[in-house]
Amino acid sequence: MKRRDFMKKAAAGVAASTVFGPVFAQTKKKIRWRMATSWPKALDTIYGGAETIADRVRAMTDGNFDIRVYAGGEIVHGLKVVDAVQQGTVQAGHTAGYYYIGKHPAFAFATALPFGLNFRQQNAWLYDGNGNKLLNELFADFNMIGFPAGNTGVQMGGWFRKEINSVADLKGLKMRIPGLGGKVMARLGVTVQVLAGGEIYPALERGAIDATEWVGPYDDEKQGFYKVAKYYYYPGWWEPGPTLHTFVNLKAWNDLPKEYQQIYMTAAAEANQQMMVDYDFKNPPAFKRLLAKGVKLRRFSNEIMDAARKEAFALFDELASSDKFYEKVYTDWKAFREDIYRWYGTAESAYLQYVASRS
């Protein structure tokens, strides 16, 4: 099925199911799945992406296709979700692809690259561009198929115990930051750690790390990072529009009736949209609350941004020169990025700069 055709059918399916209920529930085969996630239940928006999929699938099949969602650590560690899906321990997972760049660096494209694409741009590349097609070539090597199923929008730059004014201030800093963003930080002298969501606060509290990135005001407030690190930096240049995925074991996917496959894809597309809506609604008041609690807002200096951008694209080029598949995805992604930013730099940027400066 062409990606454009799928999106049209997915959108129609969401609308129809909202009005008419389980209109797709012609197949009566009963299916029971387990979905492991990387998220604690307390993070209701990001964990809610998995719940949206399960709820919509259940509703559109009149309960015949039931998916039970598990928080990180309930079945497998939050950073082992792909392993569980690949091995068939669970039929499905909800996680961030860039947690698994150790398996292949191209997993980063599933989520976000430093100085890459925002939410809308990422969706355009995934759905109408070659993104989903290329990534599913990769996922198939790991016995999976994947579907976009959430996004946080541009993230914050994270929480720091002390001010970071220059590249020199990054040297020796211990920071939790995954994906290729972590690789770039390491090139700038940061000691990088990758921790699951539920492990970050204790590590920051006891000084095992000096800084952490997470998501944005709503989730960060819930995590309580402001209690142990007062400096809140922006922007999160390593995650300008991180997509979350639902991964499905290939055998489990192929065993599904075709109708249920369509329903699952529709539910994932809804989750992809709904999570962004939720964050856009919840982040502004959470941002105000954090500032009222004495959080010290800081912007990364141009020196840090410029150094990070230089190292990021040097890293991308190195990875492309050493891995043919990464090069294939990167070439396509980079060409799309150049075109979309030329357009966004005209209309979108000019409008936002004007209204933001006068709000």
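Predicted model only: the values in this text are computed from it and were never measured.

1. Let's talk about the sheet that holds strand β11 (residues 296-299)
Thinking step 1. Pairing is mixed across the open sheet formed by six strands, whose spatial order is β7-β6-β8-β5-β9-β11. In the strand order of this sheet, the two ends are held by β7 (191-193) and β11, each with one partner.
Thinking step 2. Pairing geometry for strand β5 (residues 158-160) and strand β8 (residues 211-212), over two bridges, is antiparallel. Considered in β8, the bridge of Trp-159 is made with Thr-212.

2. Topic: helix α6 (residues 131-140)
One turn of an α-helix holds 3.6 residues; hence residues three or four places apart share an orientation.
Thinking step 1. Taken residue by residue, α6 has Gly-131, Asn-132, Leu-134, Leu-135, Leu-138 and Phe-139 as its buried positions. Across the axial projection of α6, the buried residues extend over an arc of 165°, all falling on one side.

3. Description of the UniProt feature "binding site: Na(+)" (unreviewed entry) in the protein
Thinking step 1. Within this numbering scheme, the UniProt entry marks Trp-214 as carrying the feature "binding site: Na(+)" (unreviewed entry).
Thinking step 2. By the element assignment, Trp-214 lies in the loop between β8 and α9 (217-223).
Thinking step 3. In contact with Trp-214, not counting residues within four places along its chain, are Trp-39, Leu-43, Tyr-99, Gln-155, Arg-176, Gly-197, Ile-200, Asp-219, Asp-220, Gln-223, Phe-225 and Glu-239.

4. Description of the confidence of the model for the protein
When pLDDT drops low, the exact placement of atoms in the prediction is not to be read closely.
Thinking step 1. Scored by pLDDT, the protein has a mean of 92; 92% of the residues are at 70 or more.
Thinking step 2. Across residues 6-25, where pLDDT falls below 50, the model places 31 contacts with residues more than four positions away in sequence or in other chains.

5. Here's the deal with the nonpolar core
Thinking step 1. Grouped together as the largest cluster of nonpolar side chains are 118 residues, with contacts concentrated most on Trp-33, Phe-109, Tyr-264 and Tyr-326.
Thinking step 2. The dominant element in this core, judged by the number of residues it contributes, is helix α11 (residues 258-292), at 11 residues.
Thinking step 3. Tyr-264 has contacts with Trp-33, Met-35, Ile-53, Val-57, Phe-65, Ile-67, Ala-92, Phe-147, Thr-246, Val-248 and Trp-253, leaving out every residue within four places of it along the chain.

6. Here we look at the environment of Gly-93
Thinking step 1. Among the secondary structure elements, Gly-93 is positioned in strand β3 (residues 92-95).
Thinking step 2. Once you skip the residues sitting within four places of it in the chain, Gly-93 turns out to touch Met-35, Ala-36, Val-81, Val-85, His-245, Thr-246 and Phe-247.

7. Points about the packing of aromatic side chains
The geometry of an aromatic ring pair comes down to the distance between the two centres and the angle between the two planes.
Thinking step 1. Inspection of the entire model under this criterion finds 29 aromatic pairs.
Thinking step 2. Ring centres of Phe-160 and Tyr-233 lie 5.1 Å apart, and the angle between their planes is 70°; this geometry places the pair in the edge-to-face category. Residue Phe-160 is found in strand β5, and its partner Tyr-233 is found in strand β9 (residues 231-234); the two are separated by 73 residues along the sequence.
Thinking step 3. Exposure remark for Phe-160: the relative accessible area of 0% places this residue in the buried category.
Thinking step 4. Seen from their ring centres, Trp-237 and Trp-238 are 4.7 Å apart, and the 85° between their planes marks the pair as edge-to-face.
Thinking step 5. Here the aromatic cluster, defined as three or more aromatic residues joined through ring pairs, consists of Trp-39, Tyr-98, Tyr-99, Tyr-100, Phe-107, Phe-139, Phe-142 and Phe-247.

8. Describing empty space enclosed by the protein
Thinking step 1. Under the counting rule described, the total for this entry stands at one cavity of 30 Å³ or more.
Thinking step 2. Taken as a whole, the largest cavity encloses approximately 90 Å³ of empty space.
Thinking step 3. Class assignment of the residues belonging to the lining of the largest cavity gives a composition of nine nonpolar, three polar and three charged.

9. As for the UniProt feature "binding site: substrate" (unreviewed entry) in the protein
Thinking step 1. The UniProt record marks Gln-155, Arg-176, Glu-213 and Glu-239 with the feature "binding site: substrate" (unreviewed entry), using the residue numbering of this structure. In three dimensions, the annotated residues from a span of 85 residues occupy one location, with a maximal C-alpha spread of 14.5 Å. The annotated residues named above include Gln-155, Arg-176, Glu-213 and Glu-239 as those lining the largest cavity.
Thinking step 2. Here Glu-213 shows up in the loop between β8 and α9.
Thinking step 3. Those residues within four positions of Glu-213 in sequence are excluded, and the remaining contacts are Gln-155, Gly-157, Gly-158, Met-175, Arg-176, Ile-177, Pro-178, Ile-200, Trp-238 and Glu-239.
Thinking step 4. One polar contact links Glu-213 to Arg-176, side chain to side chain, over a distance of 2.4 Å.
Thinking step 5. Its place among the elements puts Glu-239 in the loop between β9 and β10 (243-249).
Thinking step 6. Leave out the neighbours within four places in its chain, and Glu-239 touches Tyr-98, Ala-112, Gly-153, Val-154, Gln-155, Glu-213 and Trp-214.
Thinking step 7. Within the structure, Glu-239 has its side chain in polar contact with the side chain of Tyr-98 (distance 2.8 Å).

10. Regarding the pairing of β9
Thinking step 1. Here three bridges tie β5 to β9, and the two strands are oriented antiparallel to one another. Residue pairing in the sheet places Phe-160 in a bridge with Tyr-231 of β9.
Thinking step 2. Sheet analysis places β9 next to β11, joined by four bridges and oriented parallel. In the sheet register, Tyr-234 faces β11, and the bridge partner there is Arg-299.

11. A few points about the packing of helix α12 (residues 302-322) against helix α13 (residues 324-344)
Thinking step 1. At their nearest, the axes of α12 and α13 sit 6 Å apart, and the two run at 140° to each other. One finds that α12 runs oblique with respect to α13. Contacts from Phe-313, Phe-316, Asp-317, Leu-319, Ala-320 and Ser-322 in α12 reach Lys-324, Tyr-326, Glu-327, Tyr-330 and Arg-337 in α13.
Thinking step 2. For the contact of α12 with α13, the class distribution of residues is six nonpolar, one polar and four charged.

12. Things to note about the packing of helix α7 (residues 179-187) against α12
Thinking step 1. The geometry of α7 relative to α12 is characterised by a closest axis approach of 9 Å and an angle of 115° between their N-to-C directions. In the crossing of α7 with α12, the sense of the turn from one axis to the other is right-handed. Between α7, through Leu-180, Lys-183, Val-184 and Arg-187, and α12, the contact on the second element is made entirely by Ala-308, Glu-311, Ala-312, Ala-314, Leu-315, Phe-316, Glu-318 and Leu-319.
Thinking step 2. Tallied by class, the residues present in the contact of α7 with α12 amount to eight nonpolar, no polar and four charged.

Conventions and cut-offs
- Residues numbered from 1 in each chain as written.
- Predicted model: local features only at pLDDT ≥ 70, side-chain atom pairs only at ≥ 80, totals over all residues.
- Heavy atoms only, no water.
- Pairing = 2+ DSSP bridges.
- Helix = DSSP H or I, 4+ residues; strand = E, 2+ residues; numbered from the N terminus.
- Buried < 20%, exposed > 50% of the residue type's maximum accessible area, 1.4 Å probe, protein only.
- Arc of directions from axis to C-beta.
- UniProt positions renumbered as here; feature names shortened; annotations may be inferred.
- Contact = heavy atoms within 4.5 Å.
- pLDDT = per-residue confidence, 0-100.
- Core = buried A, V, L, I, M, F, W, Y, C linked by side-chain atoms within 4.5 Å.
- Phe/Tyr/Trp six-rings, centres within 6.5 Å; stacked < 30°, edge-to-face > 60°.
- 1 Å grid on protein atoms, 1.4 Å probe; cavity = no way out; pocket = protein on both sides within 12 Å on 5 of 7 lines; lining within 4 Å.
- Points joined across faces, edges and corners; volume = space filled by probe spheres on them.
- Nonpolar A, V, L, I, M, F, W, Y, C, P; charged D, E, K, R; others polar.
- Polar contact = N/O pair within 3.5 Å; in protein donor to acceptor, adjacent residues only side chain to side chain.
- Axes fitted to C-alpha atoms, helices over the stretch in contact; angles between N-to-C directions.
- Parallel < 35°, antiparallel > 145°, perpendicular 65-115°, else oblique.
- Left-handed = near helix turned anticlockwise from the far one by under 90°.

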